[in-house]
Every structure is written in structure tokens, then in C-alpha cells.
Amino acid sequence: MTRVVEHEHDHGRAPEHEYDVVVLGAGPVGENVVDRVRAAGLSAAIVESELIGGECSYWACMPSKALLRPVIARSDARKVAGLRESVYGPLDALEVFAHRDEVVGDWKDDGQVDWLDSIGVRVFRGHGRLLGPRRVEVAGPEGERHVLTARHAVAVCTGSRAVLPDLPGITGARPWTSREATSSDRVPGRLIVVGGGVVGVEMATAWHALGAKVTMLVRGERLLPRMEPFVGEHVAEALRARGADVLTGVSVSAVVRDGGTGPVTVVLEGGDHVEGDQVLFATGRAPRTEDIGLETVGLKPGSWLDVDDSLRVTGSDWLYAVGDVNHRALLTHQGKYQARIAGAAIAARAKDAGPLDDGSWGAHAATADHAAVPQVVFSDPEAAAVGLSLAEAERAGYRVRAVDLDMSGVAGAGLYAQGYRGHARMVVDLDREVVLGASFVGPGIGELVHSATVAVVGEVPIARLWHAVPSYPTLSEAWLRLLEAYRG
Ligand SMILES: Cc1cc2nc3c(=O)[nH]c(=O)nc-3n(C[C@H](O)[C@H](O)[C@H](O)COP(=O)(O)OP(=O)(O)OC[C@H]3O[C@@H](n4cnc5c(N)ncnc54)[C@H](O)[C@@H]3O)c2cc1C
């Protein structure tokens, strides 16, 4: 069992500290890595340059969902007879923003600092950089420096940031990225959203409901291109029905905002243009690795970090990369899962406890990253998926059958919302008769995805799923209808 020890030496220069594990970046993932290694009896320090809690707590998951919750609740309520009449009228944007601000703790991280304190993890504020193997230098906000040495592992959990495309005029146009879109407390009159992925769709949904006239500019042919085609089609149709413009198959070639104030014009390839009061670019993420000393350990600054299933960086025996920064699945829950796996692997290696349990679905292998990543999009209607889509399963060489279901036929759906519109698909591996993936779109279906995740991860045979009886009358009855359709 490794001792919990923290040595500090001050040789007249930067004070030196020694821990079993040093974690770079205190987003949800870094926090979970330190939590796991501490629980295993190792000492740990964590370095954070902004707020403990990371992107997720302050500029991503939490504020976006706080903005979307009233939107979705109102929309659902408007589909219930007897309630509908009580929920006409606009959202109270100021109240929505006040609640969002409360959810993000007014962009203060005291609570999270207290928690790290309570589990005995030392926090170093400042920008961290690798200084060669197992060493990290921290440059603090007041110019102070510390050097941390890790006996066993350094975990890079520095996350990702929004990227702006390299377009003429873009910097001077002061566009929104996900940070401004989740933290603004002013509703633009006309908002142009560039990008049809999850962030673009969620923010278009929120700001449209808060009162902006929204135009979405999407390069591909449909929204949410990583999901089954029917998902994006339902979501686009609903956005259009509520009055948003969704333009697909268009590429932006320039952005113009004279003097950095006043209206913004987005120029499209081919010469058309769209004018708005603000433009959000939701066009992808880049790893936050450009200035973390990767060159001192033979890695390329600015790259996503390649890892094995124990989250250890390829070619290293002490460096781990966990969460967004490894580009496996840019989602908080999946990053936290990786953190649990990495924490267990780091502890097992530190204790020299024999071979790792790193076969498929073992305690030290993030197998779900390959087979069962669940995701809920808080659009209106909601969208959710786990595992492989039909196209992905076919590309992977499975012999598959897709079973489709119009959700309006499910008894629970009709009760959930009058005129319920939604769709579900289950993708079955015909050789093993197990579910490889499932996708849903419709009001209230976000909560359905965990049942699908259990089926996929458990590789539950269809013949056994037949005995997993969904309660009547809930949305989960979609499972019964899908299984009936499969069995014929
Ligand atoms: C608008 C939006 C909405 C989202 N909604 C959801 C959602 O609903 N559900 C979901 O699962 N996912 C969601 N995501 C994705 C989610 O935010 C990320 O997957 C998650 O934040 C990744 O966690 P992380 O700890 O890897 O990185 P981050 O949360 O980015 O944290 C990394 C931390 O490292 C710090 N850091 C970086 N470099 C250094 C350095 N050199 N020194 C010290 N500290 C450093 C950063 O300041 C930051 O605090 C959303 C993303 C966006 C943009």
C-alpha cells in the first residue's frame, strides 16, 4: 500500500513538491481522477488555471441545461390538455438567466475547492506545464512558481476549447463561441448559429425560445450528423415549425461587422449573405495542449493525446490523458468514466498489484468508449443515442437488422404529450442476437437512453430482454414495441 505523503522542498527557487499523482486540469475529469486515486490511498495534487469544475460547470453542460430546462418544460406543458392554456406567453429571460447564474455558482468555485480540501487534495492555482518526465511546473497568477514531481503518474485532463474557423473578418466580428452562448445575459434580436452539431442545435433551441430570431447555417445536409438520420430530421422540422430558419448545405466564407459593433453579416459561398445581431460559431473543439510542455516529453503541442484503454498515453509508462483531451468521447459522463478507469489503473500499477484487469469490460479498460457511449441532446424534441448507428454497425462489418418504431403508437407517449411525435430505432447484431445500438427522438426520451445503455453494455440477448417488462403506460414501452417488431 503506498503511503499518503507530501514532501515539500524549497531550494531557494521554485518550491518543489512531491506527490504520488499530479493532475493537470480540474474539470469534472481531473476532479474524478484525484478522487479515485485518493480513495485508493495515493497522495495527489491538482493544477487549475481557471475555475475548479472546468468547462462543464461554468460554460458548457450546466449553464446550457439551465437555459434549456424551462424551454423544454414549457414545450412539454403545451402538449398537455388543461395545462396548455396556463403556459402561453414568453419565457421570463431575466429569471432564466438568474437561475442559470445560480446553477453555475455565479462563476465562483468555492464549493468545489472545499470538496477537494475535504478529500485531502492540494490545489495549485495557475498554468501547468510538463517539465520533462513526471514533473510539472505551475506558474501562479501572482508570478509565483511551484514544481511538482509525481512518483507514479501525471494525468493530463486539460479538456478542449471551441475553435473558430479561419475566415476573413471573423476576429473583428467578435462572434460568440460556446462560452458566450452559455453565459450571455442579453438576448440578441437575431442570432445566426453556424454549425449543426450538438452545441449548435442546443443553443439554437435555447436562444430561439428566449426570444431571438434564429438562423442556423449548416454545412452538411442535416442536423446532428453523428446520429441516425431520422434524429436530425425530426429536430430540424421542429425548429422550422417554431419559426427558426435552418439552412443546410451552406458554407460560410466571410464575416463582416464594421467597427466591431452593429449588425453582423455572414457571407456564404456563392455570394448569399445573412444578417444578424450576433453570430455563434459552434464549429468544433480543439485540445488544450498547445502550451502544456508536451514537447518536453517528445509529444506534439496542440495535438489530441492518443491513449490505450487504461488511458495511458501511447509510448509512456507514467503519462495519462483523460477526458476531452484524448478525443475519445467529448462528454462529461464518459470522461468521468475514463477517470474512474484511469484512477484504478494508476493505483493498481502504483501498488504493483500484478497484471491489470484490462481485457474487454475489465476494471482497468475503458471498453465502453468503443461500444456504448450514451448521449442526450437537450433539443426540443429531445434526442438520445447509445452504441452503434445502423451505418456504423454496417461499416464495422456486423450482420445487422434495424428495427424502427413510430413513437406515436406507444401508449405512454400519447399520455406524455398529445400529438406525440417521435421515432426509435434498435440495431441488432443478427449473429449474437444482442442490441448494438439504439436511438430515440421525441419529447421526454432522454431518460430512455440508460435502459438502452444497460442492454448494449450487458450484451443482453434479445430472448432475455423479452422478459424485461416495461411499465405501462410509460415511454419505456418503446422497448416492448421494438422487440415485438423484431420477433414478428
Ligand atoms: C456548450 C456545451 C454543452 C455541453 N453539454 C454537455 C452535456 O450536457 N453533457 C455532457 O456530458 N457533456 C457536455 N458537454 C461536453 C463537456 O463540457 C466536456 O466533455 C467536459 O467539460 C470535459 O471535461 P474535462 O474535464 O475533460 O475538460 P474541461 O471541462 O474542459 O476542464 C479542463 C480544465 O483544465 C483546465 N486547464 C487547461 N489547461 C490547463 C493548464 N495548462 N494548467 C492548468 N489548468 C488547465 C481548464 O481551465 C479546465 O478547467 C458540453 C460542451 C459544450 C461546449
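Residues numbered from 1 in each chain as written. Predicted model: local features only at pLDDT ≥ 70, side-chain atom pairs only at ≥ 80, totals over all residues. Heavy atoms only, no water.

Caption draft 1: Main features of helix 13 (residues 449-458). Listed in full, the buried residues belonging to helix 13 are Val449, Ala452, Thr453, Ala455 and Val456. Take helix 13 and look down its axis: the buried residues cluster within an arc of 165 degrees, on one side only. Residues of helix 13 that are buried sit in contact with helix 10 (368-371), strand 18 (375-377), strand 19 (383-387), strand 22 (434-441), helix 14 (462-465) and helix 15 (477-487). One or two steps after helix 13, the chain reaches Glu459, where phi turns positive at roughly 45 degrees. (Buried < 20%, exposed > 50% of the residue type's maximum accessible area, 1.4 Å probe, protein only. Helix = DSSP H or I, 4+ residues; strand = E, 2+ residues; numbered from the N terminus. Arc of directions from axis to C-beta. Contact = heavy atoms within 4.5 Å.)

Caption draft 2: Geometry of the sheet that holds strand 18. With antiparallel pairing, five strands are arranged side by side in an open sheet as 18-19-22-21-20. Edge positions in the sheet fall to strand 18 and strand 20 (400-406), since each has one partner strand and no second. Pairs of neighbouring strands in the sheet enclose a mean axial angle of 15 degrees, with direction left out of account. Sheet topology places strand 19 next to strand 22; five bridges connect them, and they run antiparallel. The residue of strand 22 that forms the bridge with Val386 is Ala438. Against the sheet, helix 8 (residues 229-241) engages strand 19, strand 20, strand 21 (423-429) and strand 22, with an angle of about 10 degrees to strand 22. (Pairing = 2+ DSSP bridges. Axes fitted to C-alpha atoms, helices over the stretch in contact; angles between N-to-C directions.)

Caption draft 3: Examining the site of the ligand more closely. Near the ligand lie 36 residues; those nearest to it are Glu48, Lys65, Gly128, Asp324 and Thr332. Between Glu48 and the ligand, the recorded distance is 2.6 Å, taken from a side-chain N or O atom to an oxygen atom. The backbone of Thr332 places a nitrogen or oxygen atom 2.9 Å from an oxygen atom of the ligand. Isolated, the ligand exposes 1000 Å² of accessible area, and the fraction of that covered by the protein chains is 93%. (Near = heavy atom within 4 Å. Polar contact = N/O pair within 3.5 Å; in protein donor to acceptor, adjacent residues only side chain to side chain. Areas by Shrake-Rupley, 256 points an atom, 1.4 Å probe, with all protein chains shown as cover.)

Caption draft 4: Spatial organisation of the pattern of salt bridges. All chains considered together, the criterion is met by 28 salt bridges. Among the salt bridges present, the one from Glu290 reaches Arg161, with a minimum N-O distance of 3.2 Å. Taken together, the residues Glu290 in the loop between strand 16 (285-287) and strand 17 (319-321) and Arg161 in strand 8 (residues 160-162) connect sequence positions 129 residues apart. The partly exposed category is assigned to Glu290, whose relative accessible area is 40%. (Salt bridge = Lys/Arg side-chain N within 4 Å of Asp/Glu carboxyl O.)

Caption draft 5: Representation of the sheet that holds strand 9 (residues 190-194). Spatially, 11-10-9-15 is the arrangement adopted by the four strands of the open sheet, whose pairing is parallel. Only two strands of the sheet have a single neighbouring strand rather than two, namely strand 11 (245-248) and strand 15 (278-281). Adjacent strand axes in the sheet meet at a mean angle of 15 degrees when their direction is disregarded. As paired strands, strand 9 and strand 10 (residues 213-218) are joined by five bridges and run parallel to one another.

Caption draft 6: How the structure looks around the nonpolar core. Val23, Val136, Leu148, Val154, Leu311, Tyr320 and Val322 are the most contacted members of the largest nonpolar core, which has 52 residues in total. Breaking this core down by element, the ones donating at least two residues are strand 2 (16-24), helix 1 (28-39), strand 3 (44-48), strand 6 (135-139), strand 7 (145-156), strand 17 and helix 9 (332-350). If you tally residues by element for this core, the top one is helix 9, at seven residues. In contact with Val322, other than residues within four places in its own chain, are Val29, Val33, Val156, Cys157, Leu311, Gly335, Gln338, Ala339 and Ala342. Grouped together as the second largest cluster of nonpolar side chains are 39 residues, Val71, Ala93, Met216 and Val377 included. (Core = buried A, V, L, I, M, F, W, Y, C linked by side-chain atoms within 4.5 Å.)

Caption draft 7: Quick look at unusual backbone geometry. With omega at 10 degrees, the peptide bond leading from Asp380 into Pro381 counts as cis. Note on placement: Pro381 falls in the loop between strand 18 and strand 19. Residues Tyr472 and Pro473 are joined by a peptide bond in cis, for which omega reads -10 degrees. Among the secondary structure elements, Pro473 is positioned in the loop between helix 14 and helix 15. Even without a glycine there, the phi angle at Asp352 is positive, about 50 degrees. Secondary-structure assignment places Asp352 in the loop between helix 9 and helix 10. One non-glycine residue, Glu433, adopts positive backbone phi at about 55 degrees. Within the secondary structure, Glu433 sits in the loop between strand 21 and strand 22. Residue class for Glu433 comes out partly exposed when judged on its relative accessible area of 36%.

Caption draft 8: Main features of the domain arrangement of the protein chain. Domain parsing of the protein chain yields domain 1 (5-53 + 109-161 + 287-368), domain 2 (178-283) and domain 3 (381-487). Placing the centre of domain 1 and that of domain 2 at their C-alpha centroids yields a distance of 36 Å. (Domains from an automatic or database assignment.)

Caption draft 9: A look at the pairing of strand 15. Alternating residues of strand 15 divide into Gln278 and Leu280 and Val279 and Phe281, and every residue in both groups is buried. Of the strand pairs in this sheet, strand 9 and strand 15 are connected by four bridges, and their pairing is parallel. Of the residues in strand 15, the one forming a bridge with Ile192 is Val279.

Caption draft 10: Seen up close, the environment of Ala66. Assignment of secondary structure puts Ala66 in helix 3 (residues 61-77). Measuring from C-alpha to C-alpha, the distance between Ala66 and Val307 comes to 33 Å, with 241 residues separating the pair along the chain.

Caption draft 11: Highlighting helix 7 (residues 198-209). With twelve residues, helix 7 extends 17 Å from end C-alpha to end C-alpha; this agrees with the ideal 16 Å at 1.5 Å per step. Among the residues making up helix 7, those that are buried are Gly200, Val201, Glu202, Met203, Ala204, Thr205, Ala206, Trp207, His208 and Ala209. Looking one or two residues beyond helix 7, the residue adopting positive phi is Gly211, at roughly 125 degrees. (Expected span 1.5 Å × (residues − 1).)

Caption draft 12: Structural view of the packing of aromatic side chains. Counting across every chain of the model gives six aromatic pairs. A ring pair is formed by Phe97 and Trp207, whose centres lie 5.8 Å apart and whose planes are at 40 degrees; its orientation type is tilted. Note that Phe97 is positioned in helix 4 (residues 93-103) and Trp207 in helix 7, a separation of 110 residues in sequence. For Phe97, a relative accessible area of 4% gives the class buried. Taking the centre distance of 6.4 Å and the plane angle of 70 degrees together, the rings of Phe440 and Trp479 count as edge-to-face. Remark: Trp479 occurs in helix 15 and Phe440 occurs in strand 22; sequence separation between them is 39 residues. These aromatic residues form a ring-pair network of at least three members: Phe97, Trp176 and Trp207. In this structure, Arg179 packs its charged tip against the face of Trp59, placed 3.7 Å from the ring centre. Positioned above the aromatic ring of Trp466, the side-chain terminus of Arg487 is 4.1 Å from the ring centre. (Phe/Tyr/Trp six-rings, centres within 6.5 Å; stacked < 30°, edge-to-face > 60°. Lys NZ or Arg CZ within 6 Å of the ring centre and 35° of its normal.)

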